[in-house]
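Chain by chain, the residues run as shown.
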There are 2 protein chains.
Amino acid sequence: MQVASRMEAITPFYVMELLARAKQLEAQGRDIIHMEIGEPDFTTPQPIIDAGVAYIKAGHVKYTPAAGLPELRQKIADYYWQRYRVTVPIQRIFITPGATGAFLLALGVSLNSGDEVLLSDPCYPCNENFIHLFDAKVKHVPVYADTAYQLSADLLQQHWQALTRAILIASPSNPTGTIIQAAELEKCIHFVNTRQGLLYSDEIYHGLEYEPGVTSALAFSDQVFVINSFSKYFGMTGWRVGWLIVPEAYSPATEKLAQNIFISTCSQSQYAALAAFDEQTLAELEKRRQDFSLKRDFLYAHLLRLGFNIPVKPAGAFYIYADCSQFSNDSQQFAQQLLETEGLAVTPGKDFGYNEHEKYLRFAYTGSMENISAGMQRLERFISSKQTS
Amino acid sequence: MQVASRMEAITPFYVMELLARAKQLEAQGRDIIHMEIGEPDFTTPQPIIDAGVAYIKAGHVKYTPAAGLPELRQKIADYYWQRYRVTVPIQRIFITPGATGAFLLALGVSLNSGDEVLLSDPCYPCNENFIHLFDAKVKHVPVYADTAYQLSADLLQQHWQALTRAILIASPSNPTGTIIQAAELEKCIHFVNTRQGLLYSDEIYHGLEYEPGVTSALAFSDQVFVINSFSKYFGMTGWRVGWLIVPEAYSPATEKLAQNIFISTCSQSQYAALAAFDEQTLAELEKRRQDFSLKRDFLYAHLLRLGFNIPVKPAGAFYIYADCSQFSNDSQQFAQQLLETEGLAVTPGKDFGYNEHEKYLRFAYTGSMENISAGMQRLERFISSKQTS
Ligand SMILES: Cc1ncc(COP(=O)(O)O)c(C=O)c1O
Ligand SMILES: Cc1ncc(COP(=O)(O)O)c(C=O)c1O
């Protein structure tokens, strides 16, 4: 019995091994500080919890329309107007099981097998796996500090070839936390349009931004796919609810595909998400954003002080992608040792691509300030013991 | 901008148009009786609701492991022992967003593009679309009363060809409610094994059975894929939680694919489902099963009395697939007229395949007895007005 051939190209999350080891150590009574996981330790905002509970208590937890609750699609449309001053007809908005479901839907409806997609390297690990799922091809474009670890119109020009069909941009980015400037994003969209290509814009870290400059791709074109989620900014990871915005021409096919591959997105999560745009929720999220901003500054300053190289200060998300090559030329081994000796878990670059990944570690500032601060003490001790040994 | 070519092969649910029209009529104040939808109007059992609410209230609605909560996988393993006397190691059990997610995972991990899958015709409409999603091929095998509208070893013998790689069996079946006998299922499994093929067994309607004879494919082999869900028997449609059991050799690839295409299944639904096997829940479900059984008998008797042909009495699920050719040679038109003139919504055969579909209507007995009874009065009136006109 043979596993499907596409599975050869699909990589596991390497961090899972590290996480498993961390859990093992915890089970043995070790105190582990987690800076490896892309999940804030905030709880879901209270109005969202209350809405979810009220819905469930009524007992009628039934399938919703495949495209999602009309009220929720409308609230998302309103949000685009308030936040970005763009008008999005609700026919173009689909509620999905997280950004993950949005990716499945977007690629399933638009990519043919054999099509090539340009991805920045490093980027979020699932991206290339979604592409392989549909037997399409990935072209990794190494990105560096000069473009803030983002694709650029120049890079597209260099790497776009006959079979290239699409590009994916994620801003703020996982793992680098960096953003693409509005003017550059506009140029990229223009470039892709002239090639009759597709642009997928992963905007899941919108809202978690600590510098100005974050723009939705929708500000420049209605012919793009926008992927977003309630997971990160809205604090709803485990609820599995996000959304996809498609160009008008893709709406009927997207609806058909959603019927088949989801039936619908989890109902209580959709009803709960109706409270995500309440004033009280947004006020709470703004407080959290400020809190994240302080954590970013704190972690950034500490990592620099310890001698890590971070050429571009991250402007969003909750990650710092730090060059540790002055301590080790094998970031995976570094991460393993750091876990074993100090009980500090961070993610090695390997999970995010091929471009000098052995130089990088991703630190997530998703825990409390005390936690991060304790993590930095452990890191400092680890580095000095390495240097004296 | 072009839609992906796989989308040409993917069909929408035709019943959605009918449903949309039904909703339109309702909005105009018409009273519509719904017998078109595969969703019971029971609420989710109270212990499940309570467990879900308690989990959400704590606020920490976080990602779970990709394969699902270990406790839930263990409870499912225990259930297989209690119910079927088969031992399933939890490494083979994956929690998924419904049977829908289980299908995505099972086919994604095992089917190559170009592989052919044998499906009974009629069958559940999504099946062929899942197959097309992965650029694999469908071979429809027309099934009739002689095999209770199920595949059989003889049919496999007739239809299996060089490119055939897998078969899908669903028992009890949607739309026919019929079951495959244990001995025949065993023969099919044996046949597939000798061809080194794959068998997907959709067991979502297990538990909703009103005659003896329903067996899990796992009773005969551990080299099969079993798809199941908390949606139907456990009354949890909108929660989007189900499971997949894979042959041992597929476990690592399945885990990897689940990480990528789900991250995890909705957390509160998993925590809620922990209460699905409680004594109190199971007692409630047994009452509902008996209730469904009465509804089946009632609907079956009425349809026969009105002159519909139902060659095999359905033994499970909550559907009757009735031959209406004595009233119409176009079941879609029949369904449309029935909706317009009498406000009774049923699903035309077109949604379930190509095999004489224009002769068939699917009636779902998911509503209350009063509802079904009122539906039958409307149907009778419709038929007699047709016959006099
Ligand atoms: C860049 C990026 N995109 C998408 C996702 C998927 O998130 P979800 O499916 O929870 O919305 C993640 C999660 O870590 C991410 O970092
Ligand atoms: C035969 C069959 N399989 C699978 C499903 C999918 O159900 P779910 O994804 O809610 O578990 C359905 C739903 O109607 C069905 O009828």
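Residues numbered from 1 in each chain as written. Chains lettered and ligands numbered in written order. Predicted model: local features only at pLDDT ≥ 70, side-chain atom pairs only at ≥ 80, totals over all residues. Heavy atoms only, no water.

In the nomenclature of an unreviewed UniProt entry, chain A corresponds to Aminotransferase from the organism Methyloprofundus sedimenti. Under the UniProt heading Cofactor (unreviewed entry), the note attached to chain A is "pyridoxal 5'-phosphate". Heading Sequence similarities (unreviewed entry) of the UniProt record for chain A holds this comment: "Belongs to the class-I pyridoxal-phosphate-dependent aminotransferase family." (UniProt positions renumbered as here; feature names shortened; annotations may be inferred.)

Peer 1: For this particular structure, what's the right way to read the overall build of chain A?
Peer 2: Looking only at helices and strands, chain A features 13 helices and 12 strands. For chain A, contacts bridging at least 24 residues in sequence account for 74% of all contacts bridging at least 6. Carbon and sulfur atoms form 50% of the exposed surface of chain A, whose accessible area is close to 13,700 Å². Taking the average location of the 32 positive side-chain charges in chain A and that of its 41 negative ones, the two points are 2 Å from each other. (Helix = DSSP H or I, 4+ residues; strand = E, 2+ residues; numbered from the N terminus. Contact = heavy atoms within 4.5 Å. Areas by Shrake-Rupley, 256 points an atom, 1.4 Å probe, with all protein chains shown as cover. Lys, Arg positive; Asp, Glu negative; His and termini not counted. Charge placed at Lys NZ, Arg CZ, Asp CG, Glu CD.)

Peer 1: Looking at this structure, I do not really get the relation of the copies chain B and chain A. What am I missing?
Peer 2: Related by rotation about an axis and a shift along that axis, the two copies of the chain form a pair. Rotating chain B by 180° and moving it 0.0 Å along the rotation axis overlays it on chain A with an RMSD of 0.0 Å. Taken together, the turn and the small shift mark the pair as related by a two-fold rotation axis. The position closest to the rotation axis in chain B is occupied by the C-alpha of Val-53 of chain B, lying 2.8 Å away. When the interface residues of chain B are mapped onto chain A, 100% of them again fall at the interface, so both copies present the same face. (Least-squares fit on C-alpha atoms with pLDDT ≥ 70 in both.)

Peer 1: What's the story with the interface of chain B and chain A in this structure? I'm lost.
Peer 2: When the parts of a complex come together, some accessible area is lost, and that lost area is often taken as the interface size. With 73 residues of chain B at the interface, the matching set in chain A holds 73 residues. Here chain B and chain A share an interface that buries about 5,800 Å² over both sides, 59% of which is from carbon and sulfur atoms. Counting the surface chain B buries against chain A, the share from its top three residues, Met-1, Tyr-63 and Asn-260 of chain B, is 13%. At the junction of chain B with chain A, the criterion picks out 0 salt bridges. At the surface where chain B touches chain A, the tally comes to 44 residue pairs in polar contact (both at pLDDT 80 or more). Among the residues making up the side of chain B that touches chain A, the classes are represented as 37 nonpolar, 26 polar and 10 charged. (Buried area = accessible area lost by both parts, 1.4 Å probe. Salt bridge = Lys/Arg side-chain N within 4 Å of Asp/Glu carboxyl O. Polar contact = N/O pair within 3.5 Å; in protein donor to acceptor, adjacent residues only side chain to side chain. Nonpolar A, V, L, I, M, F, W, Y, C, P; charged D, E, K, R; others polar.)

Peer 1: I keep staring at the packing of aromatic side chains and nothing clicks. Help me out?
Peer 2: Where two aromatic rings form a pair, the distance of their centres and the angle of their planes describe that pair. Applying the stated criterion across every chain yields a total of 54 aromatic pairs over all chains. Ring centres of Phe-292 of chain B and Phe-318 of chain B lie 5.6 Å apart, and the angle between their planes is 35°; on these two criteria the pair is classed as tilted. Residue Phe-292 of chain B is found in helix H11 (residues 279-306), and its partner Phe-318 of chain B is found in the loop between H11 and strand E9 (319-323); the two are separated by 26 residues along the sequence. Phe-292 of chain B gets classed as buried once you look at its relative accessible area, which sits at 2%. Judged by its relative accessible area of 0%, Phe-318 of chain B is buried. Here a set of aromatic residues connected by ring pairs shows up, and it is made of Tyr-79, Tyr-80, Tyr-84, Phe-230, Tyr-233, Phe-234, Trp-243 and Phe-277 of chain A. Looking at Arg-73 of chain A, its charged tip hangs above the ring of Phe-94 of chain A, at a distance of 5.5 Å from the centre. (Phe/Tyr/Trp six-rings, centres within 6.5 Å; stacked < 30°, edge-to-face > 60°. Buried < 20%, exposed > 50% of the residue type's maximum accessible area, 1.4 Å probe, protein only. Lys NZ or Arg CZ within 6 Å of the ring centre and 35° of its normal.)

Peer 1: Explain the sheet that holds strand E9 (residues 319-323) of chain A to me, please; I cannot follow it from the model alone.
Peer 2: To summarise the sheet geometry, strands pair through backbone hydrogen bonds and adopt either a parallel or an antiparallel arrangement. Residues and elements named next belong to chain A. Strand order in the open sheet formed by 3 strands is E9-E12-E11, with antiparallel pairing between adjacent strands. Across the chains shown, the open sheet's two edge strands, defined by having one partner strand only, are E9 and strand E11 (347-348). Bridge count between E9 and strand E12 (residues 360-364): 5 bridges; the pairing is antiparallel. Opposite Tyr-321, over in E12, you have Arg-362 as the bridge partner. Most of the contacts of helix H11 (residues 279-306) go to E9, to which it runs at about 10°, and overall it touches E9 and E12. Lying on the sheet, helix H12 (residues 331-342) is in contact with E11 and E12; it crosses E12 at an angle near 45°. (Pairing = 2+ DSSP bridges. Axes fitted to C-alpha atoms, helices over the stretch in contact; angles between N-to-C directions.)

Peer 1: What am I meant to see in the site of ligand 2 here?
Peer 2: Surveying the vicinity of ligand 2 reveals 14 residues, the closest of which are Tyr-63 of chain A together with Thr-100, Asp-202, Ser-229 and Ser-231 of chain B. More than one chain lines the surroundings of ligand 2; the residues nearby belong to chains A and B. At 2.8 Å from an oxygen atom of ligand 2 is found a side-chain nitrogen or oxygen belonging to Tyr-205 of chain B. Taking Ser-229 of chain B, its side chain carries an N or O atom lying 2.5 Å from an oxygen atom of ligand 2. Compared with its free state, where it exposes 410 Å², ligand 2 has 97% of that area covered by protein. (Near = heavy atom within 4 Å.)

Peer 1: Got a minute to help me understand the site of ligand 1 in this structure?
Peer 2: Taken together, 14 residues form the shell around ligand 1, and within it Thr-100, Asp-202, Ser-229 and Ser-231 of chain A together with Tyr-63 of chain B come nearest. Residues within reach of ligand 1 are spread across chains A and B. Between an oxygen atom of ligand 1 and a side-chain N or O atom of Arg-240 of chain A, the distance comes to 2.8 Å. At 2.6 Å from an oxygen atom of ligand 1 is found a side-chain nitrogen or oxygen belonging to Tyr-63 of chain B. When the free accessible area of ligand 1 is taken as 400 Å², the share hidden by the protein chains comes to 97%. Per-element accounting of the shell around ligand 1 gives the leading share, 3 residues, to helix H5 (residues 98-110) of chain A. Taken together, the residues of the shell around ligand 1 break down into 6 nonpolar, 5 polar and 3 charged.

Peer 1: Would you explain the nonpolar core in this entry?
Peer 2: Inside soluble globular proteins, nonpolar side chains tend to come together where they are buried. Judged by nonpolar contacts, the single largest core of 286 residues is most densely connected at Phe-308 of chain A together with Phe-308 of chain B. Setting aside residues up to four positions removed in sequence, Phe-308 of chain A forms contacts with Leu-303, Ala-322, Asp-323, Cys-324, Phe-327, Phe-334, Leu-361, Phe-363, Leu-379 and Ile-383 of chain A. (Core = buried A, V, L, I, M, F, W, Y, C linked by side-chain atoms within 4.5 Å.)

Peer 1: It is not clear to me how the packing of helix H6 (residues 126-133) of chain A against helix H9 (residues 251-261) of chain B should be interpreted in this structure. Could you clarify?
Peer 2: How two helices pack is summed up by the angle between their axes together with the distance between the axes. Remark: H6 of chain A packs on H9 of chain B, axes separated minimally by 9 Å, with the N-to-C direction vectors making an angle of 110°. The orientation of H6 of chain A relative to H9 of chain B falls into the category roughly perpendicular. The element H6 of chain A and its partner H9 of chain B pack so that their crossing is left-handed. Contacts from Cys-126, Asn-129, Phe-130 and Leu-133 of chain A in H6 of chain A reach Leu-257, Gln-259, Asn-260 and Ile-261 of chain B in H9 of chain B. (Parallel < 35°, antiparallel > 145°, perpendicular 65-115°, else oblique. Left-handed = near helix turned anticlockwise from the far one by under 90°.)

Peer 1: Hey, could you run me through the pairing of strand E4 (residues 137-142) of chain B in this one?
Peer 2: As paired strands, strand E3 (residues 116-121) of chain B and E4 of chain B are joined by 6 bridges and run parallel to one another. Within E4 of chain B, the residue paired with Glu-116 of chain B across the bridge is Lys-137 of chain B.

Peer 1: Just to check I follow, could you spell out the UniProt feature "domain: Aminotransferase class I/classII large" (unreviewed entry) in chain A for this structure?
Peer 2: Feature annotation in UniProt places "domain: Aminotransferase class I/classII large" (unreviewed entry) on residues 31-379 of chain A, given in this structure's numbering. The annotated region residues 31-379 of chain A carries 39% helix and 15% strand content, and the separation between its end C-alpha atoms amounts to 14 Å.

Peer 1: Looking at this structure, how should I read the packing of H11 of chain A against helix H13 (residues 369-388) of chain A?
Peer 2: All names here are of chain A. Between H11 and H13, the shortest axis-to-axis distance is 11 Å and the interhelical angle comes to 10°. Accordingly, the angle class assigned to the pair H11 and H13 is roughly parallel. Listed contacts from H13 to Leu-294, Lys-295, Phe-298, Leu-299, His-302, Leu-303, Arg-305 and Leu-306 of H11 are Met-369, Ile-372, Ser-373, Met-376, Leu-379, Glu-380 and Ile-383. Here the residues of the contact of H11 with H13 are counted per class, giving 10 nonpolar, 2 polar and 3 charged.

Peer 1: Sorry if this is basic, but what is going on with the pairing of strand E5 (residues 164-170) of chain B here?
Peer 2: In regular strands, side chains alternate between the two faces of the sheet. Residues and elements named next belong to chain B. Taken across its 7 residues, E5 has 7 buried, putting it largely inside the fold. The sheet contact formed by E3 and E5 spans 4 bridges and is parallel. Note on E5: the bridge partner recorded for Val-117 is Ala-166. As judged from the 5 bridges shared by E5 and strand E6 (residues 198-202), these two strands associate in the parallel manner. Residue pairing in the sheet places Leu-168 in a bridge with Tyr-200 of E6. Between the parallel pair E5 and E6, the chain is carried across by helix H8 (residues 182-194), and the sense of this crossover is right-handed. (Right-handed = clockwise from strand over helix to strand, strands pointing away.)

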